Amino acid sequence: MSDQIVTANRLADGRVVFLTEDADWSARIADSRPATGAAADLLLSVAHMSAADRVVVDPYLIEVTLGSGSPWPVLHRERIRATGPTIDQSPIREVA
Amino acid sequence: MYRYDRFDAQLVNERVAQFRDQVRRRLSGALSEEEFRPLRLLNGLYLQLHAYMLRVAIPYGTLSADQMRMLASIARRYDRGYGHFTTRQNIQFNWTRLQDAPDILADLASVEMHAIQTSGNTIRNTTADPFAGVAANEIEDPRIYCEAIRQWSTLHPEFTFLPRKFKIAVTGAPDDRAAIKVHDIGLALRRDADGAVGFEVMVGGGQGRTPMIAKTIRAFLPKRHLLSYLEAILRVYNLGGRRDNKYKARIKILVHDRGVDAFRADVEAEWARIRKAGLDLDEAELSRIAAHFAPPAYDDELRNPRAYADKLRADGKFAGWTRASVAAHRRNGYAIVTVSLKPEGGVPGDATAVQMDCIADLAARFSFGEIRITHEQNLVLAHVRQSDLFDLWRGLRAHGLATANVGLIGDIIACPGMDFCGLATTRSIPVAQQISTLFADLERQHDIGELRLKISGCINACGHHHVGHIGILVVDRKGAEFYQITLGGRADENAAIGKIIGRAFAADAVVGAVETIVNLYIARRQKDERFIDAYERLGPAPFKGALYGTG
């Protein structure tokens, strides 16, 4: 049975977040809580409650590996979501 | 430049107020995500991979300097200091926060801009030839008719929930710089035998998973009938287009399945029924709109024509830039300048806020304060005195905007791909950056000559790979990116869909494959023969042989 974590986008700013050990959300995948089977489904139901509370949008489970000690997505798309665009865009934020 | 009338202003301001209230209700919980999603999409606000993305309409790709400055301001205040110009002459902001979106729309409204109908199954922003009004062989300025279409199609109650999105492009010149034949409707201004001006009406073009070239359903439509004829086409599509399968819902499928003759007969029958319903464009209204697109106050005195010639002789880099970026203007002593947004190794179509301000300033100084966006993700300053070109070039160069590669292999179209887009299945920008870096030598690019390379990160083909001389579709195979190359596509007046040349290439081989194609062309071309002409003469076999060792 594969390890899974819950991810979503934050309602207010759309940023990618992951469900943590204490049922909160973090932008760092390293903070996410992995689970398998029914435990993963339980995490997803917690996330849906959070969506109902307007914290996040459209939570879902993704498969991860735990080989490096921290959850790491199996799918390329989810890796990009977790780490941001892969390109060097040299963004210039001139005004905070 | 068209200026809003009181109806436009009221409509856009009311929409801002409505959306502000909708966002408030979403954040307060009065609206669920399911209820809110269609409302935000009606205002161009998508939820993409990393954040909300706001797509702002740039009607027919024309902007004032003040509007460009506002886009720069939005990029600074609400985004990460840049924006992305798209293949539909719009701009996207990739890092929008939901709570900021109403303020952004209010800022846009203050300069007569909005994001209405930049999403959803509606009639999207009508696009046009970026050389509109200045091309030497133009019949009339297509933006006059684009503006009429904008007014007719904005919040058109019957066409708000079409089977699928709907895109119209218009050109006034025989040379197609607007890719009209890969749009749902392509309109080309034509003269009939008596010299009257009207439109050739083409329907059913498009890219995506089923690429098709539009078919002519009327060789000549008197221009006063434009809107009633468009209405007839849309009505036939709205009733007959499929709604059971989104992949078969575009009008191209209806035209294909029904057959162009039967489709034409349906449109003509519907048109006969509605053409007297009051949609005719009368001369007074056309003149009113046309006045907004009247030529600027050109200076008839040629200033220092010898100075320009001297600069060309004296500065090779300047001369190289003019060769790529400067096109003939209909007015003696003036030039059309295309500003490349494709620096070596850059992200195609991206501009920083500083660059946007720079363009606005240079447009105000050298081009009557007007800027165009091209579907090839570049910018155009359409009214530059030849004698000002050197100063303009220096101003552009100071901000990294003078890459001399317009129309060359470094001038790559690429969609945002999976680095940003929620629909994409693979990335497209990294391979664009690699190819752009490989061919960074501008002398080499100029030696290769005109070559349109276009890259898409999924089958939706926003990067126009089907109509690239060299097209690259990046595909996902068990988590690895592979690169399917097509050759022979073109988006001009002789539009064609490229053919897949063979099996896809792995990431470590695709850039070399492009170089192999280019080298084969160099070896086999005849004098002054462009890549696309050489490919059409030679056919795919020698390219296939060079790539795969087969005949």
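In this text the structure is predicted, and so the values were computed from the model without any measurement.

Calculation notes
- Residues numbered from 1 in each chain as written.
- Chains lettered and ligands numbered in written order.
- Predicted model: local features only at pLDDT ≥ 70, side-chain atom pairs only at ≥ 80, totals over all residues.
- Heavy atoms only, no water.
- Helix = DSSP H or I, 4+ residues; strand = E, 2+ residues; numbered from the N terminus.
- Buried < 20%, exposed > 50% of the residue type's maximum accessible area, 1.4 Å probe, protein only.
- Contact = heavy atoms within 4.5 Å.
- Areas by Shrake-Rupley, 256 points an atom, 1.4 Å probe, with all protein chains shown as cover.
- Lys, Arg positive; Asp, Glu negative; His and termini not counted.
- Charge placed at Lys NZ, Arg CZ, Asp CG, Glu CD.
- Buried area = accessible area lost by both parts, 1.4 Å probe.
- Salt bridge = Lys/Arg side-chain N within 4 Å of Asp/Glu carboxyl O.
- Polar contact = N/O pair within 3.5 Å; in protein donor to acceptor, adjacent residues only side chain to side chain.
- 1 Å grid on protein atoms, 1.4 Å probe; cavity = no way out; pocket = protein on both sides within 12 Å on 5 of 7 lines; lining within 4 Å.
- Points joined across faces, edges and corners; volume = space filled by probe spheres on them.
- Pairing = 2+ DSSP bridges.
- Axes fitted to C-alpha atoms, helices over the stretch in contact; angles between N-to-C directions.
- Domains from an automatic or database assignment.
- Nonpolar A, V, L, I, M, F, W, Y, C, P; charged D, E, K, R; others polar.
- Core = buried A, V, L, I, M, F, W, Y, C linked by side-chain atoms within 4.5 Å.
- Phe/Tyr/Trp six-rings, centres within 6.5 Å; stacked < 30°, edge-to-face > 60°.
- Lys NZ or Arg CZ within 6 Å of the ring centre and 35° of its normal.

Participant: Even after reading the chapter, I still don't get the overall build of chain A, so can you show me in this structure?
Facilitator: Scanning chain A from terminus to terminus reveals two helices and five strands. Ordered by position from the N terminus, the helices and strands of chain A form the series β-β-β-α-β-β-α. For the C-alpha atoms alone, the extent of chain A along its principal axes is close to 45 × 35 × 20 Å. Here chain A holds 96 residues, and the buried ones make up 43% of them. Here the contacts in chain A between residues at least 6 apart in sequence split such that 50% fall between residues at least 24 apart. When the accessible surface of chain A is totalled, it reaches about 4,900 Å², and 53% of it is carbon and sulfur. For chain A, the centre of its 9 positive side-chain charges and the centre of its 13 negative side-chain charges are spaced 4 Å apart.

Participant: Help me understand the interface of chain A and chain B in this model?
Facilitator: The extent of an interface is frequently quoted as the accessible surface area lost upon association of the parts. Each side of the interface is counted separately: chain A has 26 residues, and chain B has 38 residues. Around 2,700 Å² of area is buried between chain A and chain B when both sides are counted, 54% of it from carbon and sulfur atoms. Linking chain A with chain B are one salt bridge, by the criterion used here. The closest approach of N and O atoms between arginine 37 of chain B and aspartate 58 of chain A, which form a salt bridge, is 3.3 Å. Linking chain A with chain B are eight residue pairs in polar contact (both at pLDDT 80 or more), by the criterion used here. At the level of elements, strand E1 (3-10), strand E4 (56-65) and helix H2 (76-83) of chain A are the ones that each hand at least two residues to the side of chain A that touches chain B.

Participant: Can you help me understand the pattern of salt bridges in this one?
Facilitator: Pairing of side chains with opposite charge becomes possible as their charged atoms draw close. Residues and elements named next belong to chain B. Evaluated as defined, the whole model comprises 52 salt bridges over all chains. For aspartate 66, the salt bridge goes to arginine 69, with nearest N and O atoms at 3.0 Å. In this pair, aspartate 66 and arginine 69 both sit in helix H3 (residues 65-78), three residues apart, roughly one turn of the helix. Note on aspartate 66: relative accessible area 52%, which makes it exposed. For arginine 385, the salt bridge is made with aspartate 299, and the minimal N-O distance between the two is 3.4 Å. Taken together, the residues span a long stretch of sequence, with arginine 385 in strand E15 (residues 379-385) and aspartate 299 in the loop between helix H9 (283-292) and helix H10 (305-314) at a distance of 86 residues. On the basis of relative accessible area, aspartate 299 is assigned to the buried category, the value being 16%.

Participant: How do you make sense of the layout of surface pockets when you look at a structure like this?
Facilitator: In this approach, a probe sized like a water molecule rolls over the atoms, and the result shows the empty space that is left. Residue and element names in this part refer to chain B. Estimated volume of the second largest pocket: approximately 750 Å³. Considering the residues around the second largest pocket, the lining is formed by 31 residues, among which Phe131, Arg177, Glu376, Glu450 and Arg452 are closest to the centre. The set of elements that each furnish at least two residues to the lining of the second largest pocket consists of helix H11 (316-325), strand E11 (326-328) and strand E12 (334-339). Of all the elements, E11 adds the most residues to the lining of the second largest pocket, at three residues.

Participant: Looking at this structure, how should I read helix H5 (residues 143-153) of chain B?
Facilitator: One full turn of an α-helix is made of 3.6 residues, so residues set three or four places apart face in the same direction. Residue and element names in this part refer to chain B. Among the 11 residues in H5, 10 count as buried, and that is most of the element. Within the sequence span of H5, burial applies to Arg143, Ile144, Tyr145, Cys146, Glu147, Ala148, Ile149, Arg150, Trp152 and Ser153. Trailing H5 by a residue or two, leucine 155 shows a phi angle of about 55°, which is positive.

Participant: Just to check I follow, could you spell out the sheet that holds strand E4 (residues 82-85) of chain B for this structure?
Facilitator: Working definition: the strands of a sheet are paired by backbone hydrogen bonds and lie parallel or antiparallel to each other. Residue and element names in this part refer to chain B. The antiparallel open sheet is built from five strands, whose spatial order is E1-E2-E5-E4-E13. The open sheet has two edge strands, strand E1 (45-47) and strand E13 (350-352), and neither has a second partner. Within this sheet the neighbouring strands show an average axis-to-axis angle of 30°, counted without direction. Both E4 and strand E5 (residues 91-96) contribute to a ladder of two bridges, which runs antiparallel. Residue pairing for E5: histidine 84 is matched across the bridge by glutamine 92. Against the sheet, helix H2 (residues 33-41) makes contact with E1 and strand E2 (52-56), and its axis sits at roughly 130° relative to E1, the strand it touches most. Set on the sheet, helix H12 (residues 353-366) makes contact with E4, E5 and E13; between it and E13 the angle comes to about 85°.

Participant: Got a minute to help me understand the domain arrangement of chain B in this structure?
Facilitator: Residues and elements named next belong to chain B. We note that the domain assignment places domain 1 (6-110), domain 2 (133-291), domain 3 (305-397) and domain 4 (413-548) within chain B. In this assembly, 13 residues from domain 3 lie in contact with 12 residues from domain 4. Buried area between domain 3 and domain 4, both sides added, is near 1,000 Å², and the carbon and sulfur share of it is 53%. Taken together, domain 3 and domain 4 are joined by two salt bridges. Put simply, arginine 452 and glutamate 376 hold a salt bridge, and the shortest N to O gap is 3.0 Å. Where domain 3 packs against domain 4, one counts four residue pairs in polar contact (both at pLDDT 80 or more). Class assignment of the residues belonging to the side of domain 3 that touches domain 4 gives a composition of four nonpolar, five polar and four charged.

Participant: Could you clarify how one ought to interpret the pairing of E2 of chain B in this entry?
Facilitator: All names here are of chain B. For E2, the buried fraction is high: five of the five residues fall into the buried class. In E2, alternate side chains face the same way, and those of Tyr52, Leu54 and Val56 on one face and Met53 and Arg55 on the other are all buried. As paired strands, E1 and E2 are joined by three bridges and run antiparallel to one another. Within E2, the position partnered with leucine 45 by the bridge is leucine 54.

Participant: I would appreciate a short explanation of the nonpolar core in the present structure.
Facilitator: Across soluble globular proteins, you tend to see nonpolar side chains buried next to one another. All names here are of chain B. Met68, Leu71 and Trp321 are the most contacted members of the largest nonpolar core, which totals 66 residues. Both domains that meet at this core, namely domain 1 (6-110) and domain 3 (305-397), each give it at least three residues. Ignoring sequence-local partners within four residues, the contact set of methionine 68 consists of Leu63, Phe85, Met356, Ile359, Ala360, Ile371 and Leu379. Of all hydrophobic cores here, the second largest spans 44 residues; its members include Leu187, Val236, Ile251 and Leu254.

Participant: Before we go on, may I ask you to explain empty space enclosed by the protein in this structure?
Facilitator: Residues and elements named next belong to chain B. Scanning the model with the defined rule gives six cavities of 30 Å³ or more in all. Around the largest cavity sit Ala57, Pro59, His114, Ile116, Gln117, Ile123, Arg124, Asn125, Thr126, Arg150, Ser153 and Thr154, which together line it. Residue composition of the lining of the largest cavity, grouped by class: four nonpolar, six polar and two charged.

Participant: Sorry, what's going on with the packing of aromatic side chains here?
Facilitator: We describe a pair of aromatic rings using the distance from one ring centre to the other and the angle between the two ring planes. All names here are of chain B. Scanning the entire structure with this criterion turns up 18 aromatic pairs over all chains. Ring centres of phenylalanine 166 and tyrosine 237 lie 5.5 Å apart, and the angle between their planes is 45°; this geometry places the pair in the tilted category. One end of the pair, phenylalanine 166, is in the loop between H5 and strand E7 (168-171); the other, tyrosine 237, is in helix H6 (residues 226-240), with 71 residues separating them in the sequence. As far as burial versus exposure is concerned, phenylalanine 166 and tyrosine 237 are alike and both buried. Centre to centre, the rings of tyrosine 521 and phenylalanine 531 are 5.4 Å apart; their planes meet at 70°, and the pair counts as edge-to-face. You can see tyrosine 521 sitting in helix H16 (residues 510-524) and its partner phenylalanine 531 sitting in helix H17 (residues 531-538), a full 10 residues away along the chain. For the pair tyrosine 521 and phenylalanine 531, one class covers both residues: buried. Of note, arginine 209 hangs over the ring of tyrosine 247, and the distance from its end group to the ring centre comes to 4.0 Å. Seen from the ring of tryptophan 271, arginine 275 lies directly overhead, with NZ or CZ sitting 4.0 Å from the centre.

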